[in-house]
Amino acid sequence: MPQLIKVRPTKTELVKLKRRLSLAERVQKILKDRLTILTMEFLQVTRETVAAKQRLVDVLAEAHKALSIATGYHGYIALEKEFIASEADLKLVAGSRNIAGVRIPSFELTGRHNSVTGYNLVDTSASLDHASGLFREGLDAIVELAELQRGLELLGMEISRTKRITNALEYIIVPALQVTISYLHMKFEERDREEKGRLKRVKMLVGRG
């Protein structure tokens, strides 16, 4: 049962309540539309996240297979030497993008991970090049997945927040305004009946006089 809002039973308060109700209903509609958009975006990012996870699993599986072949060809010690020579610092640049009014982080790897390999191309085989390329793809896939998962988390939080506000409007604020407005109308009608009754009695008394 909606709770009555404590206000003075005056016509001025009734006008204020009607304005508040009109505003609350407009906000409610806007938030419902926003919730629909957010939910659609959430589902889209969910699909992208699932696809990104699968890509990461696939590329890492291929990369490990290619590395095993390269290790068999070059030997572990020689391969470790080349890896040490090719070590490079990586930098993650963070930005943001807007999805349905939510600021979603965007990540980009910079450094040598996408450039020419640091190991000796003359002393190594194509199998090592293949493995190296796959691991670079895997690194990019990890960054992409991190971006998508964080976006999914933020969208989920915004959906929950918007739902709470929408539910408060739908089940508490709007019903309370409506029942209070109805109550004031009833009070005014009751006053009008009482006033008419008093006027009738006065007329009757005057007529008898």
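Residues numbered from 1 in each chain as written. Predicted model: local features only at pLDDT ≥ 70, side-chain atom pairs only at ≥ 80, totals over all residues. Heavy atoms only, no water.

Caption draft 1: Inspection of the overall build of the protein chain at higher detail. Scanning the protein chain for helices and strands turns up three helices and two strands. Put simply, the protein chain runs from its N terminus to its C terminus through helices and strands in the order α-α-β-β-α. Per-residue burial over the protein chain gives 29% buried out of 209 residues. Put simply, the protein chain shows about 14,200 Å² of open surface, and 59% of that area lies on carbon and sulfur atoms. (Helix = DSSP H or I, 4+ residues; strand = E, 2+ residues; numbered from the N terminus. Buried < 20%, exposed > 50% of the residue type's maximum accessible area, 1.4 Å probe, protein only. Areas by Shrake-Rupley, 256 points an atom, 1.4 Å probe, with all protein chains shown as cover.)

Caption draft 2: Just the environment of His64, in detail. Structurally, His64 can be placed in helix H1 (residues 11-74). Judged by its relative accessible area of 46%, His64 is partly exposed. Taking the C-alpha atoms as reference, His64 lies 8.4 Å from Phe135; in sequence the two are 71 residues apart.

Caption draft 3: Broad picture of the confidence of the model for the protein chain. With 84% of its residues at a pLDDT of 70 or more, the protein chain has an overall mean of 84. Mean pLDDT values over the elements of the protein chain span from 63, in helix H2 (residues 76-85), up to 92, in H1. (pLDDT = per-residue confidence, 0-100.)

Caption draft 4: A look at the environment of Thr46. Relative to the assigned elements, Thr46 resides in helix H1. Thr46 sits in the partly exposed class, given a relative accessible area of 26%. C-alpha separation for the pair Thr46 and Gln149, spaced 103 residues apart in sequence, amounts to 8.4 Å.

Caption draft 5: Highlighting the pattern of salt bridges. By the definition in use, this model includes nine salt bridges. For Arg34, the salt bridge is made with Glu158, and the minimal N-O distance between the two is 2.7 Å. Pair noted here: Arg34 is in helix H1 and Glu158 is in helix H3 (residues 126-208), with a separation of 124 residues, a long-range link. A relative accessible area of 22% means that Arg34 is categorised as partly exposed. With relative accessibility at 14%, the residue Glu158 sits in the buried group. Among the ionic pairs, Lys65 bridges to Glu62, the shortest N-O distance being 3.5 Å. Residue Lys65 and its partner Glu62 are both found in helix H1; the two are separated by three residues, about one turn of the helix. Relative accessible area serves as the criterion here: at 36%, Glu62 is assigned to the partly exposed category. Overlapping salt bridges, with partners in common, bring together Arg34, Glu158 and Arg161 in one network. (Salt bridge = Lys/Arg side-chain N within 4 Å of Asp/Glu carboxyl O.)

Caption draft 6: Representation of the side chain of Glu13. Considering the arrangement of structural elements, one finds Glu13 in helix H1. The exposure class of Glu13 is buried, given its relative accessible area of 13%. Dropping the residues within four chain positions of it, Glu13 is found in contact with Val7 and Arg8. (Contact = heavy atoms within 4.5 Å.)

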